[in-house]
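Coordinates in review
Each chain, letter by letter, is given below.
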Amino acid sequence: MKEDKELYICRCEEVTLREIEQVIDEGYHTLDDVKRITRAGMGLCQGRSCSKVIARIISQRTGIPIEEILQVKYRFPVRTEKLGVFNDGEEPQT
Ligand code: FES
């Protein structure tokens, strides 16, 4: 069976199998790498539809176990705080 390289893997961002394989072949072997370069997983569904498929493609192409690829790396949200929060509520003198 011939693979359809123009098949959309990420339908939200219209990223094809060919684009994902190209990025993997360039040495990017994590979901985050593929996401940053192709935008796959950044669409409306936030990767719920495509992340596992992309992980499987990475795994098949690199031999990395899929469980390793799917390990979640949490990034806590960043928000600004007033400096006084770190100084017993007192504002720093300027
Ligand atoms: S299908 Fe990839 S982000 Fe929705």
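Residues numbered from 1 in each chain as written. Predicted model: local features only at pLDDT ≥ 70, side-chain atom pairs only at ≥ 80, totals over all residues.

1. Observations concerning the overall build of the chain
Counting its secondary structure elements, the chain contains 4 helices and 2 strands. Counting helices and strands in the order they occur from the N terminus, the chain gives β-β-α-α-α-α. A compact globule built from 94 residues should have a C-alpha radius of gyration of about 12 Å, whereas the chain, at 19 Å, is more than 25% larger. Across its three principal axes, the chain shows a C-alpha extent of roughly 70 × 25 × 20 Å. (Helix = DSSP H or I, 4+ residues; strand = E, 2+ residues; numbered from the N terminus. Rg over C-alpha atoms; globule rule 2.2 N^0.38 Å.)

2. Quick look at unusual backbone geometry
Backbone geometry places Glu14, a non-glycine residue, at a positive phi of 55°. Looking at the element boundaries, Glu14 is found in the loop between β1 (8–10) and β2 (15–16). Take Glu14: there are 13 C-beta atoms within 10 Å of it, and that puts it in the partly exposed class. (Buried ≥ 20, exposed ≤ 12 C-beta atoms within 10 Å, placed from the backbone.)

3. A closer look at helix α1 (residues 17–25)
Buried within α1 are the following residues: Glu19, Ile20 and Val23. Along the axis of α1, the buried residues cluster in a sector spanning 95°; they form a single face. If you follow the buried residues of α1, they end up packed against β1, β2, α2 (31–38) and α3 (51–62). (Arc of directions from axis to C-beta. Contact = placed C-beta atoms within 7 Å.)

Such coordinate-based values are descriptive only and should not be taken to indicate function.
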